[in-house]
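Notes for the structure review
Letter by letter, the chains look like this.
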Amino acid sequence: MVIGETKVIIISDRHQGIIRSVSEIFGGENHAHCYCHIKENFSSFLTKKNTKERKEKENVLQMLDSIAYARLDWNYKVAMDTLRTFNHDLAKWVEENNPQH
């Protein structure tokens, strides 16, 4: 979306009502999801998976950071493989939450 000469990106959490509304009004190509919200949701999922030990949880969240901040496809694949090797369910959560690289 362009307002004046400025390209605008809408950043939100993954609330379905927001996703639907932004898509209807502005189109989906200018909508991004807030990584802080994604990380919070992933952290909650970790807790449900009994990843409660502080150091282990920190390590897994660092794995998620490596996935989110991967600059190249190769880095992304390596980071996903690392998480998948650690815990298949955690990697599945990431994949089911539509990562776009």
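The present account deals with the structure reproduced in this document. Every value quoted in this text rests on a predicted model; they were computed, and no experiment measured them.

**As for the pattern of salt bridges**
Considering all chains together, one arrives at four salt bridges under this definition. For Asp81, the salt bridge goes to Arg84, with nearest N and O atoms at 2.9 Å. Here Arg84 and Asp81 lie together in helix H4 (residues 73–86), a separation of three residues that amounts to about one turn. On the basis of relative accessible area, Arg84 is assigned to the partly exposed category, the value being 28%.

**Comments concerning the side chain of Ser43**
Structurally, Ser43 is set in helix H2 (residues 35–48). Non-local contacts of Ser43, meaning those with residues more than four positions away in its chain, are made with Lys57 and Leu61.

**Things to note about helix H3 (residues 54–68)**
Helix length check: H3 (15 residues) gives 21 Å between terminal C-alpha atoms against 21 Å at 1.5 Å per residue, within 8%. The complete set of buried residues in H3 reads Val60, Leu61, Met63, Leu64, Asp65 and Ile67.

**Examining the packing of H3 against H4**
The interhelical angle for the contact between H3 and H4, taken along N-to-C directions, is 150°, at an axis separation of 8 Å. Relative to H4, the element H3 lies roughly antiparallel. You can see that H3 and H4 cross each other, and the crossing is left-handed. Contact residues: H3 offers Glu56, Val60, Met63, Ser66 and Ile67, while H4 offers Tyr76, Ala79, Met80, Thr82, Leu83 and Phe86. By residue class, the composition of the contact of H3 with H4 is eight nonpolar, two polar and one charged.

Basis of the calculations
- Residues numbered from 1 in each chain as written.
- Predicted model: local features only at pLDDT ≥ 70, side-chain atom pairs only at ≥ 80, totals over all residues.
- Heavy atoms only, no water.
- Salt bridge = Lys/Arg side-chain N within 4 Å of Asp/Glu carboxyl O.
- Helix = DSSP H or I, 4+ residues; strand = E, 2+ residues; numbered from the N terminus.
- Buried < 20%, exposed > 50% of the residue type's maximum accessible area, 1.4 Å probe, protein only.
- Contact = heavy atoms within 4.5 Å.
- Expected span 1.5 Å × (residues − 1).
- Axes fitted to C-alpha atoms, helices over the stretch in contact; angles between N-to-C directions.
- Parallel < 35°, antiparallel > 145°, perpendicular 65-115°, else oblique.
- Left-handed = near helix turned anticlockwise from the far one by under 90°.
- Nonpolar A, V, L, I, M, F, W, Y, C, P; charged D, E, K, R; others polar.

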